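Residues per chain, in single letters:
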Amino acid sequence: MAQLILNHLTKHFGGGRPAVSDLSLTVREGGFLALLGPSGCGKTTVLRMIAGFERPSDGSIDFGERRLSDASLALPPERRNMAMVFQSYALWPHMTVAENVGYPLKVRGISGSAWQRSVGDALVLVKLTDYADRRPAALSGGQRQRVALARCLVTWPDVVLLDEPLANLDQHLRKSMEETFRIFHERSGATMIYVTHDQAEAMALATDVAVMHEGRLMQMAPPAEIYARPEGAVVGGLIGRGSVLRLALPEGAPRALEWSTLRATLGGIGMDGAGSGTIRDVPTGDVRIRDVLVRPEHVRRDGEGMALRVLSCVFEGERFALTLALPDGQALKAYGDSAIRPGETARFVVSQGWQL
Amino acid sequence: MGGVPKVRAKGQAGASPAAEPRWLVPFVLACLFLLCLLPLFSLAKAGFAGLVSGRSIGVLTEPATFAAIRNTLITATGGMVVSVVIGALFAFSVALTDVRGKLILSFAFMLPMMIPPQVTALAWVEMTGPASPLLKTLGIAPPLGSPQPLYSLAGISLLLGVQHAPLVFLALKAGLSASPRDGVEAARLAGATPFRVFRDIVAPLSSPGLIAGAAIAFVSGVGNFGIPAILGIPAGIEVLPTLIYTRLASFGAGTFGEIALLSSLIAVIAAAGLMLQQKALDGKDYRIIGLSGANAAFSLGPFRPVVELTLVAILFLVLVAPLAALVASSLVPAYGVPLNLQTVSLRAYEEILFRQSMTLKALGNSMFLATSAALGLLAVSVPAAYLMTRRKGWLASTLGILIEIPYALPGIVLAVAFILTFAAPLPYLNVSLYGTIWIILIAYFSSFLAVSLKPVMSAFLQMDPSLEEAARLAGAGFFRRMRDVILPLVAPAAGAAIILVFLIAANELTVSALLWSAGTQTLGVAIFNLDDSGSSDLAAALSVLVVVMVVVLMAALEAVAKYLPEGVLPWRN
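Just so it is clear, the structure is predicted and the values come from calculations on it, not from any experiment.

1. Here we look at the overall build of chain A
In step 1: Helices and strands together make up the secondary structure of chain A, namely nine helices and 18 strands.
In step 2: Reported as C-alpha extents along the three principal axes, the dimensions of chain A are approximately 80 × 45 × 35 Å.
In step 3: In chain A, the share of contacts with a sequence separation of at least 24, taken over all contacts with a separation of at least 6, comes to 68%.
In step 4: Accessible surface computed for chain A: about 15,300 Å², of which carbon and sulfur atoms make up 49%.
In step 5: For chain A, the separation between the mean place of its 40 positive charges and that of its 39 negative charges on side chains is 4 Å.

2. Examining the pairing of strand β16 (residues 331-336) of chain A
All names here are of chain A.
In step 1: As judged from the six bridges shared by strand β15 (residues 320-325) and β16, these two strands associate in the antiparallel manner. The residue bridging Phe320 from the neighbouring strand is Gly336, located in β16.
In step 2: Adjacent in sequence and paired antiparallel, β15 and β16 are bridged by five residues, among which Gly329 carries a positive phi angle near 100 degrees.

3. Concerning the sheet that holds strand β12 (residues 256-258) of chain A
All names here are of chain A.
In step 1: One open sheet accounts for four strands, arranged β11-β13-β18-β12; its pairing is antiparallel. What marks the edges here is a single partner per strand, and that holds for β11 (243-250) and β12. Direction aside, neighbouring strands of the sheet carry axes that sit 40 degrees apart on average.
In step 2: Where β11 and strand β13 (residues 287-294) come together, eight bridges link them in antiparallel fashion. Following the sheet pairing, Arg246 is matched in β13 by Asp291.

4. Brief notes about the domain arrangement of chain A
In step 1: Under the domain assignment used here, chain A contains domain 1 (4-229) and domain 2 (241-355).
In step 2: Between the C-alpha centres of domain 1 of chain A and domain 2 of chain A the distance comes to 41 Å.

5. Brief notes about the pattern of salt bridges
All names here are of chain A.
In step 1: In total, this model carries 31 salt bridges over all chains according to the counting rule given.
In step 2: Across the pair Lys175 and Glu178 runs a salt bridge whose closest N-O atoms are separated by 3.9 Å. Placement of the pair is Lys175 and Glu178 together in helix α5 (residues 171-188), with a separation of three residues, close to one helical turn.
In step 3: For Glu178, a relative accessible area of 7% translates into the label buried.
In step 4: Across the salt bridge formed by Arg229 and Glu225, the nearest N and O atoms sit 3.6 Å from each other.
In step 5: The partly exposed category is assigned to Arg229, whose relative accessible area is 39%.

6. Considering helix α3 (residues 102-114) of chain B
Residue and element names in this part refer to chain B.
In step 1: Compared with an ideal rise of 1.5 Å per residue, which puts 13 residues at 18 Å, α3 spans 19 Å between its outermost C-alpha atoms and is within 8% of the ideal.
In step 2: Every buried residue of α3 is accounted for by Leu105, Ser106, Phe107, Ala108, Phe109, Met110, Leu111, Pro112 and Met114.
In step 3: Elements that come into contact with the buried residues of α3 comprise α2 (63-96), α4 (117-128), α6 (153-176), α12 (304-331), α19 (478-506) and α22 (536-559).

7. Description of the side chain of Thr359 of chain B
All names here are of chain B.
In step 1: Turning to its location among the elements, Thr359 is positioned in helix α14 (residues 357-390).
In step 2: A polar atom in the side chain of Thr359 sits 2.6 Å from the backbone oxygen of Ile352.
In step 3: Setting aside anything within four residues of it in sequence, one finds Thr359 in contact with Ile352, Leu530 and Leu542.

8. Points about the packing of helix α18 (residues 465-473) of chain B against α19 of chain B
Residues and elements named next belong to chain B.
In step 1: Their axes nearest at 10 Å, the elements α18 and α19 cross at an angle of 165 degrees. Between α18 and α19, the angle falls in the class roughly antiparallel. The crossing of α18 and α19 is right-handed. Here Leu467, Glu468, Ala471 and Arg472 of α18 come into contact with α19, specifically with Arg481, Val485, Ile486 and Leu489.
In step 2: Residue composition of the contact of α18 with α19, by class: five nonpolar, no polar and three charged.

9. Some remarks on the packing of α14 of chain B against helix α17 (residues 437-462) of chain B
Residue and element names in this part refer to chain B.
In step 1: Orientation of α14 relative to α17, taken along the N-to-C sense of each, is 45 degrees, at an axis distance of 6 Å. Considering their axes alone, α14 and α17 lie oblique with respect to each other. By crossing handedness, the relation of α14 to α17 is classed as right-handed.
In step 2: For the contact of α14 with α17, a count of residues per class yields 24 nonpolar, six polar and one charged.

10. Some points on the environment of Glu318 of chain A
All names here are of chain A.
In step 1: Within the fold, Glu318 resides in the loop between β14 (299-315) and β15.
In step 2: Judged by relative accessible area, which is 65%, Glu318 ranks as exposed.
In step 3: Taking the C-alpha atoms as reference, Glu318 lies 30 Å from Ser260; in sequence the two are 58 residues apart.

11. Section: the environment of Val349 of chain A
All names here are of chain A.
In step 1: Mapped onto the elements of the fold, Val349 is located in strand β17 (residues 345-350).
In step 2: Among the residues examined, Val349 registers a relative accessible area of 5% and is labelled buried.
In step 3: Put simply, Val349 and Arg300 are 49 residues apart on the chain and 5.6 Å apart in space, counted from C-alpha to C-alpha.
In step 4: Those residues in contact with Val349, other than ones at most four positions away along the chain, are Trp259, His298, Val299, Arg300, Asp302, Glu304 and Gly305.

12. A word on the packing of aromatic side chains
In step 1: Applying the stated criterion across every chain yields a total of 19 aromatic pairs over all chains.
In step 2: Note on Phe368 of chain B and Trp438 of chain B: the rings are 5.7 Å apart at their centroids and 85 degrees apart in plane angle, and the pair reads as edge-to-face. Taken together, the residues span a long stretch of sequence, with Phe368 of chain B in helix α14 and Trp438 of chain B in helix α17 at a distance of 70 residues.
In step 3: The partly exposed category is assigned to Phe368 of chain B, whose relative accessible area is 34%.
In step 4: Judged by relative accessible area, which is 45%, Trp438 of chain B ranks as partly exposed.
In step 5: Ring geometry for Phe418 of chain B versus Phe422 of chain B: centroids 6.0 Å apart, planes at 10 degrees, classification stacked. Of this pair, Phe418 of chain B and Phe422 of chain B both sit in helix α16 (residues 411-422), separated by four residues, roughly a single helical turn. Per residue, the accessibility class of Phe418 of chain B equals that of Phe422 of chain B, and both read buried.
In step 6: Here Arg151 of chain A stacks its cationic end above the ring of Trp92 of chain A, 4.4 Å away from the centre of that ring.
In step 7: Residue placement shows Arg295 of chain A over the ring face of Tyr227 of chain A; its charged tip is 3.8 Å from the ring centre.

13. Observations concerning a nonpolar patch on the surface
In step 1: Judged by side-chain polarity, Phe48, Leu51, Val52, Ile57 and Leu60 of chain B come together as a nonpolar surface patch covering roughly 450 Å² of accessible area.
In step 2: Along the chain, the position of Leu51 of chain B falls in helix α1 (residues 24-53).

14. Digging into unusual backbone geometry
Residue and element names in this part refer to chain A.
In step 1: The backbone of Lys127 sits at a positive phi, close to 60 degrees, despite the residue not being glycine.
In step 2: Positive phi values are uncommon outside glycine, yet Glu164 reaches one of about 40 degrees.
In step 3: Glu164 gets classed as buried once you look at its relative accessible area, which sits at 10%.

15. What to know about the sheet that holds β17 of chain A
Residue and element names in this part refer to chain A.
In step 1: Reading across the sheet, the four strands line up as β16-β15-β14-β17 and stay open at both edges, with antiparallel pairing between neighbours. The sheet is open, and its two borders are formed by β16 and β17, each paired with just one other strand. Averaged over all neighbouring strand pairs, the angle between strand axes comes to 55 degrees, with direction disregarded.
In step 2: Here seven bridges tie β14 to β17, and the two strands are oriented antiparallel to one another. Its bridge partner being in β17, Leu308 is matched across the sheet by Ala346.

What counts and what doesn't
Residues numbered from 1 in each chain as written. Chains lettered and ligands numbered in written order. Predicted model: local features only at pLDDT ≥ 70, side-chain atom pairs only at ≥ 80, totals over all residues. Heavy atoms only, no water. Helix = DSSP H or I, 4+ residues; strand = E, 2+ residues; numbered from the N terminus. Contact = heavy atoms within 4.5 Å. Areas by Shrake-Rupley, 256 points an atom, 1.4 Å probe, with all protein chains shown as cover. Lys, Arg positive; Asp, Glu negative; His and termini not counted. Charge placed at Lys NZ, Arg CZ, Asp CG, Glu CD. Pairing = 2+ DSSP bridges. Axes fitted to C-alpha atoms, helices over the stretch in contact; angles between N-to-C directions. Domains from an automatic or database assignment. Salt bridge = Lys/Arg side-chain N within 4 Å of Asp/Glu carboxyl O. Buried < 20%, exposed > 50% of the residue type's maximum accessible area, 1.4 Å probe, protein only. Expected span 1.5 Å × (residues − 1). Polar contact = N/O pair within 3.5 Å; in protein donor to acceptor, adjacent residues only side chain to side chain. Parallel < 35°, antiparallel > 145°, perpendicular 65-115°, else oblique. Left-handed = near helix turned anticlockwise from the far one by under 90°. Nonpolar A, V, L, I, M, F, W, Y, C, P; charged D, E, K, R; others polar. Phe/Tyr/Trp six-rings, centres within 6.5 Å; stacked < 30°, edge-to-face > 60°. Lys NZ or Arg CZ within 6 Å of the ring centre and 35° of its normal. Patch = residues over 30% accessible without salt bridge, like charges linked within 9 Å, V, L, I, M, F, W, Y side chains within 5 Å.

Here it is, written out as structure tokens:
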């Protein structure tokens with residue numbers, strides 16, 4: 001086991017901006033990295049470079065002491081001891097489930113009882129023992145997914161790559177597959193890299209989340225950290241469902257903002273909002289306009305708060321999602337326990353904010 | 001970690017991520033150069049030499065050449081018109097309406113394309129002439145001595161039209177399956193009547209297919225040898241392909257230069273047709289946006305029986321009646337005798353199967369050529385299709401262009417090019433291929449490369465590339481994953497490619513008519529020679545056997561259709 005190091009990785013496919021641009025990151029030993037970003041951000045290209053299907057235009061990929069790829073050299077995928085769950089699962093339709101799972105062993109010259117045992121163990125883990133002799137065409141989507149996972153597991157690869165593996169499954173199956181992935185990661189100890197555009201998946205599974213945007217790495221941190229302390233408007237807008245507000249903040253204000261500061265600045269901008277009476281204690285020093293992220297769970301109804309007009313109110317099952325209008329017209333998302341009719345005003349406290 | 005040995009990790013400098021063996025690209029390029037480009041060079045060289053030496057330049061100013069050019073243009077254009085009318089009627093009916101028995105209609109309509117042209121011509125001659133056993137049996141034969149109406153420009157055009165109508169049908173059907181049902185339904189909801197939908201939506205969307213089909217029909221008509229050979233030569237009507245044939249038969253000093261120039265003329269006419277098509281297609285890029293699942297379906301209502309009857313009547317006229325006439329002629333004991341229970345005889349079959357060594361030799365030759373071409377071409381088409389689908393950029397486009405050359409050139413031009421390439425003994429080896437069966441085989445390789453490539457290519461295109469990538473990550477090297485993953489998955493398409501090439505090669509006439517010599521005649525040549533020497537009953541009997549073989553092979557393909565990738569069998573959707 002060793003660290004997977006991507007060093008100034010760049011990939012041009014010709015024309016326009018590069019698909020991946022100067023990306024450096026290190027996945028710790030046995031880590032579970034989620035590569036998160038909107039479609040077209042280059043995350044799948046990164047994955048394919050790690051697997052060896054694409055050669056970097058510049059930069060390098062190392063696994064521990066071992067150079068896997070750089071612009072002049074590429075270890076072919078078949079000699080990287082990696083495994084991958086493809087978005088399409090890539091099961092071979094002419095082989096049975098057992099043959100699919102056991103193929104990496106067969107290629108390594110393992111047969112007979114050792115083959116039987118390893119394949120059997122892998123199928124037990126994904127609960128597909130009874131399906132060993134079926135062909136992939138006779139399986140459901142979730143079962144195919146598990147076959148693909150078992151195929152990854154059987155050779156104890158150093159790195160397991162997952163390319164949006166849950167994208168084709170329904171909501172219910174996703175939850176149970178997430179659980180399977182977690183167990184799989186714990187047992188195998190392999191370094192796992194998981195490409196997804198679904199932040200909930202990334203948060204639930206990964207030990208680290210790397211956010212990509214337009215071929216660049218924006219931030220990499222553990223899920224809780226990236227959620228609480230995102231860097232920049234892109235990551236702030238992408239992670240969670242927060243509102244990014246343009247607020248006038250005094251020079252030297254801390255990045256984590258409290259209600260007292262927020263109250264001043266929220267009321268201080270724009271015209272006289274309804275009921276924003278007590279606000280004129282804005283510090284007289286330098287004032288700068290900043291991006292501030294406010295999570296909807298930090299906006300709660302409170303008689304002590306500011307009166308804000310409700311623009312919309314949508315029932316989401318466990319709660320109501322509200323959109324509020326700030327005095328200067330910016331929209332602020334909030335959650336509420338009860339419905340408020342659009343157009344009405346109610347008092348809200350913003351307990352936390354984060355300067356991006 | 002685990003009891004599994006780790007894969008040895010040794011870096012290999014310069015290893016490409018595509019990682020096929022180094023010889024693969026040069027091998028494919030060399031094959032395609034030999035089959036596609038070299039003959040063209042020889043043609044250009046011989047034509048140029050003929051011009052420069054002045055020995056062959058005369059052919060360009062002869063009245064016979066002018067007449068042949070005129071006749072070629074008239075028959076190819078006439079044939080194109082007939083093909084477009086019949087092909088469009090069938091394509092629109094089968095692809096867009098609710099007529100019944102679509103699969104059988106398509107299958108039957110595709111048959112004329114699979115039946116060799118000289119057999120089609122023979123069958124029609126047997127059907128219409130004053131000696132027609134069919135007409136005699138029905139008592140409506142014209143008096144003996146009256147002219148055969150098909151021995152004319154109109155007759156040649158009509159038969160070219162019938163022969164190539166399936167090409168228009170295919171091109172149009174491919175275009176129509178891209179006219180999506182939701183588009184038609186949206187137009188209906190917008191308030192358009194079915195007629196307006198057809199005029200405003202379906203007709204414009206299908207025009208590229210129609211134009212492409214018309215162009216293919218024209219080019220095929222320009223290069224067709226079998227039909228004008230049977231219908232034109234007895235009437236003294238020469239077209240360019242038959243002119244080349246007669247010039248080659250009366251071999252002289254300037255012959256190579258002459259046939260090179262004449263076939264260049266054919267190539268120029270074909271290229272002009274294709275350029276006209278390009279021009280007509282300009283700005284007509286109607287690629288389908290969004291889902292294109294189901295085909296549009298117009299309900300014909302009360303007109304359905306009428307349309308169905310029309311289609312069946314056409315099939316009867318172009319397929320059933322000529323074939324019936326062919327069978328009838330093969331069963332009469334002598335020319336001009338009416339067929340009835342007293343006169344029916346299997347003598348002709350006995351003759352060709354057990355007495356005539358010539359037909360048996362031809363059968364053996366054709367089987368050998370067709371089998372070798374069908375199997376051997378896989379060795380080129382599978383690696384070529386692999387490279388064209390896996391690689392992007394210059395390599396894929398170069399391969400694509402190389403393969404287009406023999407596909408776009410009429411077979412007769414290719415045959416001439418191969419004569420010119422191999423007329424001289426091979427360098428270094430000092431062996432001449434000319435006059436042997438091997439020159440026919442190489443020409444077949446070139447002619448049918450595209451036929452073999454198409455099913456294999458569609459199998460590769462429909463195969464998820466991650467299937468191979470998964471095998472690579474599993475540790476399988478190039479040959480390992482070829483054997484374990486890729487070949488099993490393209491096997492059905494490769495099987496279809498084998499049968500399609502076999503089917504076409506076994507019946508081929510154009511190429512072998514120019515390249516055969518004593519002992520290397522093919523089935524197509526045998527039929528042509530039997531008819532030419534007046535043994536029309538024997539020619540008919542041999543043709544019947546050929547048609548039976550065609551139908552059996554097509555039925556065999558149909559039987560395994562569900563294992564084949566989409567688009568392999570031309571008569572299926």
